[in-house]
Amino acid sequence: MIPRGDAPIDRLSIYRKSRRATVVADARRGALCLSALFTVQFILNIPYYLGPLLREMLFIDPALIVFFALFGFFARPERLGRLPPESLSATLALLTGTDILVSAFLLGTETELASAQLFTIWLGLTIIGTATVMLSFRWFAGTGAALILAWWLVIGQKTPFELLVDDIFILIATATVALLLLANRIRSFTRLQHMRVYSAAMFGQRTPQGVGMTFGRFTALMTESAQWSIQWMGPTTGGMWVDGQGALSRRNGIHEAVGLSSVAAALAVGRPFAWDPSRRKPADPESLRSHAVLAVPLMSKKGVQGVLWLAKRGLRRFSVAQRDLAATCASQARAALESVGLLEEVQALAITDELTGLFNRRQFFFLAERENARRRGPGPGGVAVVMADIDH
C-alpha cells in the first residue's frame, strides 16, 4: 500500500479525461482525412455525377466534404458537453456509410448490381476505419450493426445469392480485422494510462518502501501477474520480504530460486530473469517448473536494492512486451528511489552542521519545541538544557 502521507491519485478521472481527449483528437484527424478523400473522389467522379443516375451526388458529396472539414477544424472535447466522445466517431462512420449506400441505391438497376461488391468493400473499409477512431466495443458494435443493417436493406436483399455469399464473407472478414484493431488499440491505450498513473504515483512517494510497493502493484497490474512479492536487499532490510497480492514469498521454491547462480548473475547487472514453464529444466525448483515467474531487480546507484518477484497462474507465460514493461517500470522506480535519496540527503543537510555532523540551530529549536509540548501533556516530564562552550 502507498504510505498515508502520499497524495491519492484519482485514476478514474485521469483515465476518462485522457480517453475523451484521445477519441476526439482521432475523430478530428479522421474527419480531415475523409474530407480529403471525398474531395478526390468527387473530382474523379464528376463525369458520372453529371449523368442521370448519380446527379444527386453533386449535392451530397460537397456537403459532406464541408461538414468533415468543419468537424476536423472545430471539434473540441470541451464543446461536447455531456455527449460521449464516441458519438463523434459514430457520426463520421454513419455519414460515410450513408454516402456509400446512397450511391449504391441510385445505381440499383439489375445491370449495376453485379458490381455491388465494390460498395460492400467500401463499407467494409468504413467499418475498419471506425475501429481506428473509437475506444469502446459497445459503440463500435452499435455503429457496425447499423451499417450492416443498412447494407442489407439497400444491397443485400437485391444481390443474387451467388454474389451474396462473397459479400457476406467480405463483411465478416473486415469486421474481424476491425475488432482486432480495436482490441489492440484499447489495450495499448489502457497500458499507456497505467504508465501515466504509475509515473504520477511513483514520484509522489517519500520513502523507499512506498516506491517498492508502488513498483510492485503497478508492474503486477500491467504484466497481468496473479502473485507478487518484493525481496529487499539493502543494508538495513537485507533478506526481508514484503508480500503483495497473492503473497508469492510463501510459495515453496521461491526462496530456493533466490540462491540460483543464474538468477544472481542476471539481477546483479540489472537484467530481469524469467522462467518459462514450457522450457522448464530438471534443475529448476518445483514451483518454477509449474508456473511462469519473473524476477525484476530494483536498482539504484548503490546497486540492487530489491527484487520484485512476479508469477502467473497455470501455464501462462510472460510475453516479451510484458518483460519490456516490467523493465520500464523498474527504470522509473530507480529514478524515484534516487529522488527519495536526494530528498533524504537534502533534509539531513538542512538539520545538521556540515563540519561537526551535529544538529544545527534550526533542528535544536524544533526538538526543543517538541519536547516542551510533550512536557505540557499528562504525566511526569521535564526538560533539561545543557550548554557547553568547547573552544579547543
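Definitions and limits used
Residues numbered from 1 in each chain as written. Predicted model: local features only at pLDDT ≥ 70, side-chain atom pairs only at ≥ 80, totals over all residues. Heavy atoms only, no water. Helix = DSSP H or I, 4+ residues; strand = E, 2+ residues; numbered from the N terminus. Buried < 20%, exposed > 50% of the residue type's maximum accessible area, 1.4 Å probe, protein only. Contact = heavy atoms within 4.5 Å. Areas by Shrake-Rupley, 256 points an atom, 1.4 Å probe, with all protein chains shown as cover. Salt bridge = Lys/Arg side-chain N within 4 Å of Asp/Glu carboxyl O. Pairing = 2+ DSSP bridges. Axes fitted to C-alpha atoms, helices over the stretch in contact; angles between N-to-C directions. Parallel < 35°, antiparallel > 145°, perpendicular 65-115°, else oblique. Nonpolar A, V, L, I, M, F, W, Y, C, P; charged D, E, K, R; others polar. Expected span 1.5 Å × (residues − 1). Arc of directions from axis to C-beta. Polar contact = N/O pair within 3.5 Å; in protein donor to acceptor, adjacent residues only side chain to side chain. Core = buried A, V, L, I, M, F, W, Y, C linked by side-chain atoms within 4.5 Å. pLDDT = per-residue confidence, 0-100. Phe/Tyr/Trp six-rings, centres within 6.5 Å; stacked < 30°, edge-to-face > 60°.

**Thoughts on the overall build of the chain**
So, point 1. Within the chain one finds 12 helices and five strands.
So, point 2. In the chain, which comprises 392 residues, the share counted as buried stands at 40%.
So, point 3. Considering only intrachain contacts with a sequence separation of at least 6, the fraction spanning at least 24 residues in the chain is 67%.
So, point 4. About 22,700 Å² of surface is accessible on the chain, with carbon and sulfur atoms providing 63% of the total.

**Details of the environment of A25**
So, point 1. Relative to the elements of secondary structure, A25 occurs in helix α1 (residues 11-49).
So, point 2. Judged by its relative accessible area of 26%, A25 is partly exposed.

**Observations regarding the pattern of salt bridges**
If charged atoms from side chains of opposite charge come close, those side chains can pair.
So, point 1. Tallied over the entire structure, the rule returns four salt bridges.
So, point 2. Note that E86 is salt-bridged to R19, the shortest N-O span being 2.6 Å. Residue E86 is found in helix α3 (residues 86-106), and its partner R19 is found in helix α1; the two are separated by 67 residues along the sequence.
So, point 3. Classification of E86 by relative accessible area gives buried; the value is 1%.
So, point 4. Residues R334 and E338 are paired through a salt bridge, measuring 3.4 Å at the closest nitrogen-oxygen approach.

**Looking at the sheet that holds strand β1 (residues 227-232)**
So, point 1. Taking strand neighbours across the sheet as the criterion, the five strands line up as β2-β1-β5-β4-β3 in an open arrangement whose pairing is antiparallel. Of all strands in the sheet, those with a lone pairing partner are β2 (241-243) and β3 (273-275), marking the two edges. Across this sheet, the average inter-strand angle for adjacent strands is 20 degrees, counted without regard to direction.
So, point 2. Here six bridges tie β1 to strand β5 (residues 303-311), and the two strands are oriented antiparallel to one another.

**Regarding the packing of helix α4 (residues 116-131) against helix α6 (residues 161-202)**
So, point 1. Viewed as axis vectors pointing N to C, α4 and α6 meet at an angle of 10 degrees, and their least axial separation amounts to 8 Å. Between α4 and α6, the crossing angle belongs to the class labelled roughly parallel. Taking contact as the criterion, the partners of Q117, T120, I121, G124, I127, I128 and A131 in α4 are, on α6, L163, D166, D167, I170, L171, T174, A175, V177, A178, L181, L182 and R185.
So, point 2. Residue composition of the contact of α4 with α6, by class: 12 nonpolar, four polar and three charged.

**So, the pairing of β1**
So, point 1. Counted residue by residue, β1 has six buried out of six residues, so it is predominantly covered.
So, point 2. Because side chains alternate across β1, one face comprises the buried residues Q227, S229 and Q231, and the other comprises W228, I230 and W232, equally buried.
So, point 3. Both β1 and β2 contribute to a ladder of three bridges, which runs antiparallel. Among the inter-strand pairings, S229 is bridged to a residue of β2, identified as D243.

**Remarks on helix α5 (residues 137-154)**
So, point 1. Between its first and last C-alpha, α5 extends 26 Å over 18 residues, near the 26 Å set by a 1.5 Å rise per residue.
So, point 2. When α5 is considered as a whole, its buried residues turn out to be F140, T143, G144, L147, W151 and V154. Buried residues of α5, viewed axially, fall in a sector of 95 degrees; they line one side. Opposite the packed face of α5, turned more than 90 degrees from it, sit the exposed residues R138 and L149.
So, point 3. Among the structural elements, α3, α4 and α6 are those in contact with the buried residues of α5.
So, point 4. In this structure S136 caps α5, since a side-chain oxygen of it lies 3.4 Å from the backbone nitrogen of R138.

**Things to note about the nonpolar core**
So, point 1. Counting 44 residues, the largest nonpolar core has F71, L92, F140, W151 and I155 as the members making the most contacts within it.
So, point 2. Put simply, the parts of the chain that give this core at least two residues each are α1, α2 (57-74), α3, α4, α5 and α6.
So, point 3. Contacts of W151, omitting those with residues within four sequence positions, involve L101, T120, L123, G156, L164, D167, I168 and L171.
So, point 4. Ranked by size, the runner-up nonpolar core spans 29 residues in total, among them M222, L298, L310 and F318.

**Side note on the confidence of the model for the chain**
So, point 1. Per-residue pLDDT for the chain averages 80, and the proportion of residues at 70 or more is 83%.
So, point 2. Within the chain, the lowest mean pLDDT, 53, falls on helix α10 (residues 286-290), and the highest, 93, falls on α5.
So, point 3. Contacts from residues 1-8, a stretch scored under 50 in pLDDT, to residues over four places away or in other chains number 11 contacts.

**A short note on the environment of L106**
So, point 1. Mapped onto the elements, L106 comes out in helix α3.
So, point 2. Spatially, the C-alpha atoms of L106 and R55 are 9.1 Å apart, while their sequence positions differ by 51 residues.
So, point 3. Other than its neighbours up to four places away in sequence, L106 contacts L53, L54, E56 and M57.

**Thoughts on the packing of aromatic side chains**
Ring pairs (aromatic) are described by centroid distance and by the angle formed between their planes.
So, point 1. The tally for this structure, following the rule as stated, stands at eight aromatic pairs.
So, point 2. Here F67 and F71 contribute two aromatic rings whose centre-to-centre distance is 6.1 Å and whose plane-to-plane angle is 45 degrees, an arrangement assigned as tilted. With F67 and F71 both in helix α2 and four residues apart, the pair spans about one turn of that helix.
So, point 3. Exposure remark for F67: the relative accessible area of 35% places this residue in the partly exposed category.
So, point 4. The interplanar angle of 85 degrees and the centroid separation of 5.4 Å between the aromatic rings of F119 and W122 together place this pair among those described as edge-to-face.

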